[in-house]
Structures are given as C-alpha cells and as structure tokens.
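# Breakdown of the fold
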Amino acid sequence: MRLIDIALRNIGRQKGKTAFLVLGLAIAVSTVVTLHSVSERMNAEVSASLDDFGANILILPKSDDLALSYGGMSVSDVAFDVRTLREKDIPLIRTIKNSDNISIVAPKLITAADLWGVRTLVVGVDFSQEKRLKRWWSVRGAFPDKPTEALVGSDVSAKFGLTLNRRMRLAGMDFVVSGILEPTGSQDDGLVFIDLRGAQFIFDKPDQISLIEVAARCYDCPIDELVRQISAALPAAKVTAIKQAIESKMEAMHRFEAFSFGVSGIVLVIGLLVVFANMTASVNQRTREIGIFRAIGYRQRNVITIILTEALVIGTLGGLVGFLVGSAASTLVSPVFGLKEAGGLVAGPVLGLSVALAVLVGLAGSIYPAVKASRLDPDAALRAL
Amino acid sequence: MHEIVFDRLSKTYVTGEEEVHALRGISLTIALGEFVAVVGPSGSGKSTLLSILGGLRHPSEGTLLVEDIDVYSLSVERRADFRREFIGFVFQSFQLVPHLTVIENVILPLAVAEVAKKAQKEKARATLESVGLLRKQDRLPNALSGGEQQRAAIARALVNDPPIVLADEPTGNLDTTTSHEIMQLLHRINREGRTIVMVTHNPENLKYVGRCIRMRDGELHSGVDPVVNVPWEHRAVS
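These figures come from a predicted structure and were not determined experimentally. (Residues numbered from 1 in each chain as written. Chains lettered and ligands numbered in written order. Predicted model: local features only at pLDDT ≥ 70, side-chain atom pairs only at ≥ 80, totals over all residues.)

### Notes on the sheet that holds strand S7 (residues 164-168) of chain B
Residues and elements named next belong to chain B. Within the open sheet, the six strands sit side by side as S6-S7-S8-S3-S9-S10. Their pairing is mixed. In this open sheet, the two edge strands, each paired with only one partner strand, are strand S6 (87-90) and strand S10 (219-220). In this structure, strand S9 (residues 211-216) lies alongside S10, joined through two bridges in antiparallel fashion. What sits directly across from methionine 215, in S10, is leucine 220. (Pairing = 2+ DSSP bridges. Helix = DSSP H or I, 4+ residues; strand = E, 2+ residues; numbered from the N terminus.)

### Points about helix H5 (residues 146-158) of chain B
Residue and element names in this part refer to chain B. The end-to-end C-alpha distance of H5, which contains 13 residues, comes to 18 Å, matching closely the 18 Å that a straight helix rising 1.5 Å per residue would cover. Among the residues of H5, Gly147, Gln149, Gln150, Arg151, Ala152, Ala153, Ile154, Ala155, Arg156, Ala157 and Leu158 are the ones counted as buried. The inward-facing, buried residues of H5 abut S6, helix H3 (102-107), helix H4 (117-130), S7 and helix H6 (176-191). (Expected span 1.5 Å × (residues − 1). Buried ≥ 20, exposed ≤ 12 C-beta atoms within 10 Å, placed from the backbone. Contact = placed C-beta atoms within 7 Å.)

### So, the nonpolar core
Across soluble globular proteins, you tend to see nonpolar side chains buried next to one another. In terms of nonpolar packing, the biggest core is built from 112 residues, with Leu25 and Ile307 of chain A together with Val38 of chain B touching the most fellow members. Ranked by residue count, the leading element in this core is helix H2 (residues 15-51) of chain A, at 11 residues. Leave out the neighbours within four places in its chain, and leucine 25 of chain A touches Gly271, Val275, Ile314, Gly315, Gly318, Gly319, Gly322, Ala358, Val361 and Gly362 of chain A. Counting residues in each nonpolar core, the second largest holds 50 residues, with Leu162, Ile180, Ile202 and Ile223 of chain A among its members. (Core = buried A, V, L, I, M, F, W, Y, C linked by C-beta atoms within 7 Å.)

### As for the environment of alanine 31 of chain B
Mapped onto the fold, alanine 31 of chain B is located in strand S2 (residues 18-31). Between the C-alpha atoms of alanine 31 of chain B and valine 5 of chain B, which are 26 residues apart in sequence, the distance is 8.6 Å.

### What about the sheet that holds S2 of chain B?
All names here are of chain B. Strand order across the open sheet formed by four strands is S2-S1-S4-S5, with antiparallel pairing between neighbours. Two strands lie at the open edges of the sheet, namely S2 and strand S5 (69-70), each paired on one side alone. As paired strands, strand S1 (residues 3-15) and strand S4 (residues 61-66) are joined by five bridges and run antiparallel to one another. Residue serine 10 lies in a different strand from S4, and its bridge partner there is glutamate 61.

### Some points on the confidence of the model for chain A
Residues at a pLDDT of 70 or more form 85% of chain A, whose mean pLDDT is 83. Considering only residues more than four positions removed or in separate chains, one finds that residues 76-82 of chain A, a stretch of pLDDT under 50, has 14 contacts. (pLDDT = per-residue confidence, 0-100.)

### Describing the pairing of strand S14 (residues 237-241) of chain A
The two faces of the sheet receive side chains in turn, since in a regular strand these alternate between them. Residues and elements named next belong to chain A. Of the two faces of S14, the one lined by Ala237, Val239 and Ala241 is fully buried and the one lined by Lys238 and Thr240 carries no buried residue. In terms of strand pairing, strand S1 (residues 57-61) meets S14 through five bridges, oriented antiparallel. Along S14, the bridge assignment pairs leucine 58 with threonine 240.

### Observations concerning the interface of chain B and chain A
Between chain B and chain A, the contact holds 23 residues from the first and 20 residues from the second. Going through the elements one at a time, helix H2 (76-86) and H3 of chain B are the ones with two or more residues in the side of chain B that touches chain A. Here the side of chain B that touches chain A takes six residues from H2 of chain B, the largest share from any one element. Of the residues assigned to the side of chain B that touches chain A, the class counts are 12 nonpolar, five polar and six charged. (Nonpolar A, V, L, I, M, F, W, Y, C, P; charged D, E, K, R; others polar.)

### Comments concerning H6 of chain B
All names here are of chain B. Under the 1.5 Å per step criterion, the end-to-end length of H6 is 22 Å for 16 residues, consistent within 8% with the ideal 22 Å. What H6 keeps buried is the set Ser179, Ile182, Met183, Leu185, Leu186, His187, Ile189 and Asn190. Against strand S3 (35-39), H5, S7 and strand S8 (195-199) lie the buried residues of H6. At the exit of H6 stands glycine 193, carrying a positive phi of roughly 120°.

Structure below.
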C-alpha cells in the first residue's frame, strides 16, 4: 500500500462526495470549454463578416504631393496622371503568401469631370467588388451593368434633379442613371460612379488606376503583415492599413471573448470554492483518521500528499467529464448564437486544457484544507474523540 | 544507553485564565525492555506523560531522551519519523481506520516506510499471525469483536518493529476475559524484548507488569504496589 492507494480508497468510499466534486468541476470546465469554443467560432465568423464590411487596406500610387480626400482617406489629386497604379497590379495582390486573407479587391479610377458645367468627382469602379465592399449602400434602382450606366450619390441626384433613367453627359459621353444611392452621410453622396473600364476609356486613361481598396480578413493574420506582403508585391505603391477600421473590428471581435473570459473566471472561482468547502468538510470529518496517520509516524507532507492526490484524481475526472459535456454543449448551443458551424473544437489541446484547468482548480481549492489537515495536532485529534 | 529518561518534565495548560499543571517536574528512567504501568486517578497526568513519551505533545519544560535522542529537539517532521521508528501506539478505543480492512490497517505504518508492497503484505501477515488474527485479515474493523480490534491495533503497533509500545488503557473497552487475553499478548510482546509503557485503571492488569508508576496531581507518587519491581520472569502470570 502506498499513499496513492490510501487516497484512492478514500475517493472510492465517498462516492457521493466524489461525484459531487467531479460534477462541480465538470460544470466549471464545461462552461469554460463551451464559452471558449463558441467565442472562437463567433470571433472567426464575426471577424469574417466584419472584414468584408468596408476596406481596411488602402493602396495608393507612391506620391509626395497634393491630396484629395476620398471617404476620409487620402488620395492623389489631379496630379494622379503623373504616377498611377496599373491594372496588372491587381492580380499581384492575390499572389501574396497570405492571399487567403484577401477578401475583396476594389480598384478605382478617380477623375474630376464637368457635369452640366459643375466640376464633379467621377469614380470608375468594379461594381462586382464595390457591391461587396460597401454593404451598407442602399441603391434605388440598380447597380450599373453596362459601361454606359451610372450610379449617382444622393447629393448629385438632388443638385441636378437626376432621377432614375435620366441621361447625363460626362466627358462627351452620355450615361443613363441606373441607380441612385440613398444618403450615406459620407463623401459617396457627392460622387458619380461608373464602370472602371468605361472611365478609363472616356478619360483616356487606359489601364490606369488611382487607388485600390482592399478588405482583408485579419482575424488570424496581423494587418501589418498583410501590408508588408502587399508592399513587397507592389513596390510602386504606397500600402496603408486603415487603423481605425481595424481597431473597431478587433474591439467587436474581442468583446464576446472578454465576456467569455469574465464568465469563465467567475465559474472557475465558484468551482474553486466548491472544492474548498468540500475538502475542508472532508478534512474535518477525517480528523480521527488524520490523527491516527500522524500518530503512527506520517509526516505532515504525507498527509498533504494524500489529500492533494485525491484532488488530482477528482480534478482529472472533472476535466474529462467537463470536456465531454462542454464539447456536446458547444455543439448544441452553436445555433443559439447564430453560428453556421457547430463545435469545431481541436480535441487534443482543449482536452488537455480542460484536464489541466480542472486539476488546477482542484489542487488550488485543496491546498489550504490539506495544509490544515497536516497541521492537526495528532494528540488533540485522538483525544477529542 | 538503552533507556528512556524523563528529565524534570513539566506540562502546563492554560484554560481561560486558569493554569493547569498536568505534569510537575517529572524525572524518571525506564530501561528498555521493561513493562511499566502508569496508574493514578483521572487528571493525575498519566495520559499526558504517555503522549509526551510518544512524541505527540510538547512538554512545557524539561527534556525527554529516548536512546539518547532528545525527542523534542527534533523538528515536527523528524518527530513523525521518530514515532514511526521507535513507537507503537495501542489506544483504548483501538483507533483503526474504519474503511480499511484489518490487513490494510496493519500495513498503514509501512505505507510511508521504504518497504516494497510484497514485503509489506508479508510483514503484516506475519504480525497478524502472531496476534492470532490472520484469518480475519480481510474484514473491516466493525466486523470484529472488541478484543479482535485491539489485536489488530496491536499488530499495527508492532508491524514496524518498534522498540517501545505505548498502551493507553488497552483493556478499557473490553470484558474481563478479553482483557486478560490482551494483557497476555502484551506480556508476550514484552518478553520478546519490547519496552511497554501502559496507562491503566484496572488493578488486574498490574500483575502483568514489571513496574508500576503511580501518579497524583502531575507528580510521581511514592507508594508501595504489590507488583512493583518484580521482574517478569519471577511473576506468576498464567
């Protein structure tokens, strides 16, 4: 017989108490596993949808002079004829190492043109990409699907009394208004959007691009790394991360994570208190037994070993049960949180983490009772009976 | 020197505002191999004396030497080692662990000694056989009679082969016949070479001992006892 046998015998004889402790730890661990798994999935999915929502990387031609503001971003001015990006640059963006993180690439050619004698900013865009990039856009009518169709901002529409299907003349070419943007509160309200190729043609800027907006999924890849990779792929371009967009996304992503950590912390503290209360009660009930151990020559550390071995075994059981329950629960609750994919746990690390967590809580809750037991005065313990 | 030396041992308890002098400067020598009874009225200090001898209760003053070891100069952990190596305890209420079988109770002291599992069992079986309890080795304590439980407790006290056995009212919970059997067993153990110090209230038990120490109010009481200082080999013990 070894000390571990004494601990196991004690666990075996107190089946009810052991089951209660295992259950308590299992509930704590399963809560942590469920929250961890749901928050991981939620973060990934929220991140993916947020990353598609607006650009977070801006690619401009390298230029030191003059700037116009476009949607709060800095773009080259009239001097963009001097140095521009080229269409051949676009596919290069998708050749970077982390190309899987690149979600949307929206090139633009921005030119000032006369509209009924008023200088107006005309933006040539790839509408298939632009639609995905600006999900908040609400369009009356339809997005242009021909080079001769235009989408006008609400201010432009109001200023010139443009309605759907009205004709307007830009750079000597007639365009039909296929859609009108509902007010966005941004600079888009004062712009005219036409097809990129059409813009290149009528303004005689074939192959030229003023800027490229990129939406990248930066949940599992630092944005700065993506910027570095794109800069390497496009040496003639100035690649900038739009920090504000990233920070707000990261904040949204980590909000649930913080909530999960908070709840997990509370649940673990409750688990710790349950273990502490039970182990203390157990030690009090075993005063005589511990007194006997000490009287027949058990060292204080032998008594501590017995009690912590019990905690270790109970913690391991609690961790295993908690992992199984937590995995099942996370699969069950995934639809409640609107997650498309259920579970998705990496079993090995999470199992290890679950057991380690339960063992840690079990041991932490048992240290004081174990030390208290070891310090029992054996003489007093035996006399008191 | 093979002896136990109490040198001016005192033990004082403070209960509320009152000081209780359980032992008052006891000086006493017990030779190893003796069978000593400690008698006296309740509160005379005999159990305190036994606890101090067993390394369980720190005296307020004085020293205890067991085979030249100053027991209370040892650390708490080393004093536990002293108990394991030198002392076997036999209690009035047996103090067996109720959820362990007889043989497991006997093995308990060996669980923290460096003894292989197989050797543990062999030693425990041999000890149980010597106290006549081998065939009940797998029973739980509550399935045994009082006498059998005390035999199991004696086996546990002996399994580590300690030179000293301390018995606190070993027959206090037993009937006359069983008491007689237990005292015969202790007598035999003493004859095998172990020192036994026994606290008892039962005058019947004194016929088994070689020396009787009488205590009163925490002091040794000089009085004549019929069996005092009679060597065991000259005693008519059946």
